[in-house]
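Descriptive analysis of the structure
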Amino acid sequence: MAKINSAVFCSHVPAIGAAIDLGKTEDPYWVPLFKGFEFSKQWIKQEKPDVIILVYNDHATAFDSTIIPTFAIGCADRFPPADEGWGPRKVPDVIGYPELAAHIAQSVILDEFDLTIINDMKVDHGLSVPLSLMFGQPEAWPCRIIPFPVNVVQYPPPTGNRCYNLGKAIRSAVEKFDEDLNVQIWGTGGMSHQIQGQRAGLINKEFDNRFLDRMVSDPVSLTKIPHIEYVREAGAEAIELVMWLVALGAMGTDFKQVHRFHHVPASNTAVGHMILEKTK
Amino acid sequence: MALEKPYKDVPGTTVFDAEMARKGYHLNQFCMSLMKAENREKFKADQRAYLDQWPMNEEQKQGVLTRDYNRMIAAGGNIYFLSKIFSSDGQSFEQAASSMTGMSAPDYRQMMLTGGRQVEGNRYLSEIKDGKLKTNANVEKK
């Protein structure tokens, strides 16, 4: 049986990808950030996931204004990195898992989560930066990856509650897949940040740390945060945190925290990072 | 009955909702065209002529030509679409964001390095007295 055994949460700031690609990880500006991922890189080497379901948002890359799916799942064999305006990042292609992705789609659609199925897609920094943070710069990513884009660009994104419940449906779908697989689910984006308008640069460390606390102490309470609270308290783009709730929902209630990290700033953003492991 | 839009009273913030997306459709689709290297070359060679190929209004075109990101956002632009313009210009998200705040790039960077912009006093339009948003204590002391 396939099983989701752990979840990784982390921000996906494009400047982090640029720092890695341009060899700036030893710069004093970046050292404290990458230090927060040293444990994580060792941890994932031992965990050896077979598949990662990677919840992220596309930043007007694969999806422009013509089609805006609220929830989508990448069912292709391969997803190349996109050219976001400065040439594609020199990172490996993502190798998908079409059989498992199609299985998840079929299962969760019947559970009333109407996913858009994507068979041809390029992937942007939202997906590739977390992979770089966790795996460094390998020739090929060491496992298969199912891209799972969520719309957070055009308001409104799905509610936190909807995301959390979708996570639960993904968990039960994975457990119905008849192959022994060590599956991880990642929730990316956030934490507090605003990158537009006069209020750009807003950070709310207290909000972020309360959020990280509650992920462990009272996860369900996070599903009740209304969109306006993210926008007003933690910046317009903090609303990306609903994507963390998909991964959190997939973890159920029996889990433990194995790592937690928070750092300001990476460019305009507060970087949050957490790893949870299932205990049952 | 109208839809509730509580985000309208968050200062210095434009939420890219369905109304803004409709307004900015062509501006945003123009931005998407800059994801191809050949289009970036054409745009750089003659910006006005390139813009004139798109059914954008003059306000949107002027916003692009003057690289006034607040003006583009007011005209329906979304930051992730607009990022294709500043990326083509070789600018980072941090540089583009600072240009929208009325702060110099070094002051903005200093604000970020000292914890970012504070939320206190920046939650509601009614808290903004002199048209200026608060930065943070470390920057204001300077």
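Rules and cut-offs
Residues numbered from 1 in each chain as written. Chains lettered and ligands numbered in written order. Predicted model: local features only at pLDDT ≥ 70, side-chain atom pairs only at ≥ 80, totals over all residues. Heavy atoms only, no water. Helix = DSSP H or I, 4+ residues; strand = E, 2+ residues; numbered from the N terminus. Buried < 20%, exposed > 50% of the residue type's maximum accessible area, 1.4 Å probe, protein only. Contact = heavy atoms within 4.5 Å. Areas by Shrake-Rupley, 256 points an atom, 1.4 Å probe, with all protein chains shown as cover. Lys, Arg positive; Asp, Glu negative; His and termini not counted. Charge placed at Lys NZ, Arg CZ, Asp CG, Glu CD. pLDDT = per-residue confidence, 0-100. Core = buried A, V, L, I, M, F, W, Y, C linked by side-chain atoms within 4.5 Å.

**Here's the deal with the overall build of chain B**
The number of helices and strands found in chain B is 10 helices and 0 strands. Listed N to C, the secondary structure of chain B is α-α-α-α-α-α-α-α-α-α in terms of helices and strands. Principal-axis analysis of the C-alpha atoms places the extent of chain B at approximately 45 × 45 × 20 Å. Counting every position in chain B, which comprises 142 residues, the buried fraction comes to 47%. When contacts within chain B are restricted to residue pairs at least 6 apart in sequence, long-range pairs at least 24 apart make up 45% of them. Per element, the accessible surface of chain B, about 7100 Å² overall, is 52% carbon and sulfur. Of the side-chain charges in chain B, 21 are positive and 18 negative, and the distance between the mean point of each set is 2 Å.

**As for the confidence of the model for chain B**
Parts of the model with low pLDDT should not have their predicted coordinates read in detail. Looking at chain B, pLDDT values average 94 and 99% of them are 70 or higher. Predicted as a complex, the structure gets a pTM of 0.97 and an ipTM equal to 0.95.

**A closer look at the nonpolar core**
All names here are of chain A. One finds Ile 104, Phe 148, Ile 170, Ile 185 and Phe 211 to be the most contacted residues of the largest nonpolar core, which totals 62 residues. In terms of residue count, the dominant contributor to this core is helix 9 (residues 242-250) (8 residues). Beyond its immediate chain neighbours, meaning those up to four positions away, Phe 148 contacts Ile 53, Leu 54, Val 55, Tyr 56, Phe 71, Ala 72, Ile 73, Leu 115, Leu 166 and Ile 170. Of all hydrophobic cores here, the second largest spans 39 residues; its members include Ala 19, Ile 44, Val 123 and Trp 186.

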